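Chain by chain, the residues run as shown.
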Amino acid sequence: MVGIKRALISVSDKTGVVDFARQLAQLGVELLSTGGTASLLAKENIAVTEVADHTGFPEMLDGRVKTLHPKIHGGILARRDNAKHMNQLAAQAIGTIDLVCVNLYPFAATVAKQDCTLEDAIENIDIGGPAMVRSAAKNWRDVAIVTDSNDYAAIIDEIRKQSDLSEQTRFNLARKAFAHTAQYDGMIANYLTRIDDKNLSGIPDLQTFSQQYNQSWLKIQDLRYGENPHQQAAFYRDLQPAEGSLAKYQQLQGKELSYNNIADADAAWETVKSFTQPACVIVKHANPCGVAIASDTLTAYQLALATDTTSAFGGIIAFNREVDAATVEAVTGQFLEVLLAPAFTDEAKVIIAAKKNVRVLEIPLSAGANQFELKRVGGGLLVQTPDRHYIDAGDLKVVTARVPSEQEIKDLLFVWNVAKYVKSNAIVFGKNGQTYGIGAGQMSRVDSTRIAARKAQDAGFKLNGACAASDAFFPFRDGVDVIAAQGIKAIIQPGGSVRDEEVIAAANEHGIAMVVTGVRHFRH
Ligand SMILES: NC(=O)c1ncn([C@@H]2O[C@H](COP(=O)(O)O)[C@@H](O)[C@H]2O)c1NC=O
């Protein structure tokens, strides 16, 4: 006889529940179930008692009241080691319930529908389910609470082996259950506090940002330390990370990821993901120090490295294509911290394995993005939608006498895309799908311009005929003058400065073609 004698199963998502119930029944567990679940189990010839028959009360109010009954909650909440509790159960002829398996009304899926009315949303707020989950989780020493169909197999396995569930398993299930109801209620509060008060019937108008913002994250790992060794840190992921996001990584080899590795890997991955052609991005301290697109990964790497071989030392290197042996041979010729790609060939994996310390991450490639970008400030949180603005040649407005050539337009779009991922003030020089010089994170735009110029000179690039991008408008003509002095003949920038006229006049003076995008890409 198992320690679990009676189980209550009440699930909206019925995935795997028939098998789970059948196996519990085979282990001698008596089953109670709510209407829909009970009829499914009965149809599958599994012996089950309807909760309504057990309590003697019918389900009522369109299912709003099914399990909210002392015979259910008494049976779950009574402490088995407390004589008073057990006597009280006996006096009311209430039997104990030892396992509760519940998943909740699909609130998230309901409100995700375009035509979801407030009434639909409200009806999909589960009441009896969370009450049972919380009762069972509170009484975890005596009751097992199962909220995730992914746990069914392991639970059956453990009961079969040990005739019961261990204290540790029950506690883990209880923690998971409270995390689940917290997330569920958080989601409801987020939805309700997004509703514009002007319209409280029909399909509500939803504001982008809720009045109270509740979010749940799952810890992937504790980190050895934070940005600096005296800081503590951990890495959390979204409950459902966006497709193609860093948190979907699989580490193939190498040392444990550090806080800075993860931050830099994210910067590299987000940048490389933005290119459709084979691309390589090398990141140091959250900024790309070399970016290139080419017909293959090896060439892309060689071109990206050539931008700034000094900064690339100890960098994070990302590709948006499967990485082959030749590329890995080349990449491991330099000191690197992390290598990321959607895939590695078997041969490439063998070669990189010799460099045990290099952290190698495989991430499925997809253009997905976080719903919101979050940034903590003292006592608060800044929330914004991600920068997902892309342009093509048709979006460019030529503002100078000189019009860029077709090749220059391609180069302008390339450096513009790179500039988007460089911390402001960002200036990027490049040509033929290769960055020539990157000026990042300066407090003045002209300083970023000077840095980009110096880096390009140090790397030995001839800037004649190259292009320049500025992530935001030029506040003065000085940046344009510095660019012109390098021999650069085409500039892309948002425009919109009060001194645009002065800036455009400078470009005309220097015979530069200038295009404006009308959009800026600050990144802090
Ligand atoms: N009202 C109640 O007493 C109640 N008890 C259980 N539920 C939910 O009813 C669902 C299962 O219903 P059915 O077995 O009828 O398909 C589960 O998602 C469960 O969380 C309830 N429904 C909503 O509150």
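- In the nomenclature of an unreviewed UniProt entry, the protein corresponds to Bifunctional purine biosynthesis protein PurH from the organism Snodgrassella alvi.

Description of the overall build of the protein
Then, number 1: Helix and strand counts for the protein stand at 19 helices and 21 strands.
Then, number 2: Taking 2.2 N^0.38 as the reference for a compact globule, 524 residues should give roughly 24 Å; the C-alpha atoms of the protein span a radius of gyration of 30 Å, well beyond that estimate.
Then, number 3: Projecting the C-alpha coordinates of the protein onto the three principal axes gives extents of approximately 95 × 60 × 45 Å.
Then, number 4: Counting all 524 residues of the protein, 49% fall into the buried class.
Then, number 5: Of the contacts formed within the protein by residues at least 6 apart in sequence, a portion of 55% connects residues at least 24 apart.
Then, number 6: Split by element, the accessible area of the protein, about 25000 Å² in all, is 50% carbon and sulfur.
Then, number 7: For the protein, the separation between the mean place of its 53 positive charges and that of its 59 negative charges on side chains is 4 Å.

Topic: helix H18 (residues 478–485)
Then, number 1: All of the buried residues in H18 are Gly479, Val480, Val482, Ile483 and Ala484.
Then, number 2: Where H18 is buried, its residues meet strand S17 (427–431), helix H17 (445–458), strand S19 (467–470), strand S20 (490–493), helix H19 (500–509) and strand S21 (513–516).
Then, number 3: Phi turns positive, to about 90°, at glycine 487, one or two residues after H18.

Details of a nonpolar patch on the surface
Then, number 1: Nonpolar side chains collect at one region of the surface, where Trp217, Tyr236, Leu374 and Leu381 lie side by side and expose about 360 Å² of accessible area between them.
Then, number 2: For leucine 381, the position within the fold is in strand S15 (residues 380–384).
Then, number 3: According to the relative accessible area criterion, leucine 381 is partly exposed, its value standing at 37%.

With respect to the site of the ligand
Then, number 1: Around the ligand there are 23 residues in total, and Thr34, Thr37, Thr67, Asn103 and Asp126 lie nearest to it.
Then, number 2: At 2.7 Å, a backbone N or O of lysine 66 approaches an oxygen atom of the ligand.
Then, number 3: Contacts to the ligand include tyrosine 105, whose side-chain N or O atom sits 2.9 Å from a nitrogen atom.
Then, number 4: Within the complex, 94% of the 530 Å² of free accessible area of the ligand lies under protein.
Then, number 5: Looking at the shell around the ligand, the elements with two or more residues in it are strand S1 (6–11), helix H2 (35–43), strand S4 (99–103) and helix H8 (128–138).
Then, number 6: Residues that form the shell around the ligand fall into these classes: eight nonpolar, 11 polar and four charged.

Thoughts on the packing of H17 against H18
Then, number 1: One way to put it is that H17 packs onto H18 with a least axis distance of 8 Å and a crossing angle of 10°. Here H17 is positioned roughly parallel relative to H18, judged by the angle of their axes. Contacts between H17 and H18 involve Val446, Thr449 and Arg450 from the first element and Asp478, Gly479, Val482 and Ile483 from the second.
Then, number 2: Among the residues making up the contact of H17 with H18, the classes are represented as three nonpolar, two polar and two charged.

Digging into the nonpolar core
Then, number 1: Residues Phe20, Leu24, Leu31, Leu99, Val100, Phe107 and Ile145 are the most contacted members of the largest nonpolar core, which totals 54 residues.
Then, number 2: For this core, the element with the highest residue contribution is helix H10 (residues 167–192), accounting for seven residues.
Then, number 3: Aside from chain neighbours lying at most four places away, what touches leucine 99 is Ile4, Arg6, Ala7, Leu8, Phe20, Leu24, Val143, Ala144, Val146, Ile155 and Ile159.
Then, number 4: Membership of the second largest hydrophobic core comes to 43 residues, among which are Val281, Leu396, Leu412 and Trp416.

Quick look at the domain arrangement of the protein
Then, number 1: Domain boundaries in the protein define domain 1 (6–193), domain 2 (243–362) and domain 3 (393–516).
Then, number 2: A C-alpha centroid distance of 46 Å is found between domain 1 and domain 2.

Quick word on the sheet that holds strand S5 (residues 144–146)
Then, number 1: Strands sit in the order S3-S2-S1-S4-S5 across an open sheet of five strands; the sheet is parallel. Of all the strands in the sheet, just strand S3 (49–50) and S5 have a single pairing partner and so form its edges.
Then, number 2: Pairing between strand S2 (residues 30–33) and S3: two bridges, direction parallel. Across the sheet, residue serine 33 finds its bridge partner in S3, namely glutamate 50.
Then, number 3: Sheet contacts for H2: S1, S2 and S3; angle to S2, the most-contacted strand, approximately 135°.

Let's talk about the packing of helix H4 (residues 70–77) against H8
Then, number 1: It is the contact of H4 with H8, at a shortest axis distance of 8 Å, that shows an interaxial angle of 25°. One way to sum up the angle between H4 and H8 is to call them roughly parallel. In this structure, H4 uses Ile72, His73, Ile76 and Leu77 to contact H8, whose residues at the interface are Ala131, Met132, Ser135, Ala136 and Lys138.

Description of the pairing of S19
Then, number 1: Because side chains alternate across S19, one face comprises the buried residues Cys467 and Ala469, and the other comprises Ala468 and Ser470, equally buried.
Then, number 2: Two strands pair when backbone bridges link them, and S17 and S19 are joined in this way by four bridges, in the antiparallel orientation. Residue pairing for S19: phenylalanine 429 is matched across the bridge by alanine 468.
Then, number 3: Looking at chain direction, S19 and S20 are connected through three bridges and run parallel.

Things to note about H8
Then, number 1: Burial of H8 is extensive: eight of the 11 residues sit out of reach of the surface.
Then, number 2: Residues of H8 that are buried: Gly128, Gly129, Pro130, Met132, Val133, Ser135, Ala136 and Ala137.
Then, number 3: Summarising the contacts, the buried residues of H8 are in contact with S1, H4, S4, S5 and H10.

Quick word on the environment of asparagine 261
Then, number 1: Its place among the elements puts asparagine 261 in helix H11 (residues 259–273).
Then, number 2: For the pair formed by asparagine 261 and glutamate 337, sequence separation is 76 residues and the distance between their alpha carbons is 7.3 Å.
Then, number 3: With near-sequence residues (within four places) excluded, asparagine 261 lies in contact with Glu256, Ile316, Glu337, Val338 and Arg359.
Then, number 4: Polar side-chain contacts of asparagine 261 include one of 2.9 Å to the side chain of arginine 359.

Some words on the state of the cysteines
Then, number 1: Under the counting rule described, the total for this entry stands at zero disulfides.
Then, number 2: Here cysteine 280 stays free of any disulfide, with the sulfur of cysteine 289 as its closest cysteine sulfur at 9.5 Å.

Thoughts on the packing of aromatic side chains
Then, number 1: Enumeration over the complete set of coordinates arrives at 10 aromatic pairs.
Then, number 2: Ring geometry for phenylalanine 235 against tyrosine 249: centres 6.4 Å apart, planes inclined by 10°, an arrangement best described as stacked. Residue phenylalanine 235 is located in strand S7 (residues 233–238), and its partner tyrosine 249 is located in the loop between S7 and strand S8 (250–253); the two are separated by 14 residues in the primary sequence. For the pair phenylalanine 235 and tyrosine 249, one class covers both residues: buried.
Then, number 3: Of note, lysine 420 hangs over the ring of tyrosine 390, and the distance from its end group to the ring centre comes to 3.7 Å.

How each quantity is defined
- Residues numbered from 1 in each chain as written.
- Predicted model: local features only at pLDDT ≥ 70, side-chain atom pairs only at ≥ 80, totals over all residues.
- Heavy atoms only, no water.
- Helix = DSSP H or I, 4+ residues; strand = E, 2+ residues; numbered from the N terminus.
- Rg over C-alpha atoms; globule rule 2.2 N^0.38 Å.
- Buried < 20%, exposed > 50% of the residue type's maximum accessible area, 1.4 Å probe, protein only.
- Contact = heavy atoms within 4.5 Å.
- Areas by Shrake-Rupley, 256 points an atom, 1.4 Å probe, with all protein chains shown as cover.
- Lys, Arg positive; Asp, Glu negative; His and termini not counted.
- Charge placed at Lys NZ, Arg CZ, Asp CG, Glu CD.
- Patch = residues over 30% accessible without salt bridge, like charges linked within 9 Å, V, L, I, M, F, W, Y side chains within 5 Å.
- Salt bridge = Lys/Arg side-chain N within 4 Å of Asp/Glu carboxyl O.
- Near = heavy atom within 4 Å.
- Polar contact = N/O pair within 3.5 Å; in protein donor to acceptor, adjacent residues only side chain to side chain.
- Nonpolar A, V, L, I, M, F, W, Y, C, P; charged D, E, K, R; others polar.
- Axes fitted to C-alpha atoms, helices over the stretch in contact; angles between N-to-C directions.
- Parallel < 35°, antiparallel > 145°, perpendicular 65-115°, else oblique.
- Core = buried A, V, L, I, M, F, W, Y, C linked by side-chain atoms within 4.5 Å.
- Domains from an automatic or database assignment.
- Pairing = 2+ DSSP bridges.
- Disulfide = S-S within 2.5 Å.
- Phe/Tyr/Trp six-rings, centres within 6.5 Å; stacked < 30°, edge-to-face > 60°.
- Lys NZ or Arg CZ within 6 Å of the ring centre and 35° of its normal.

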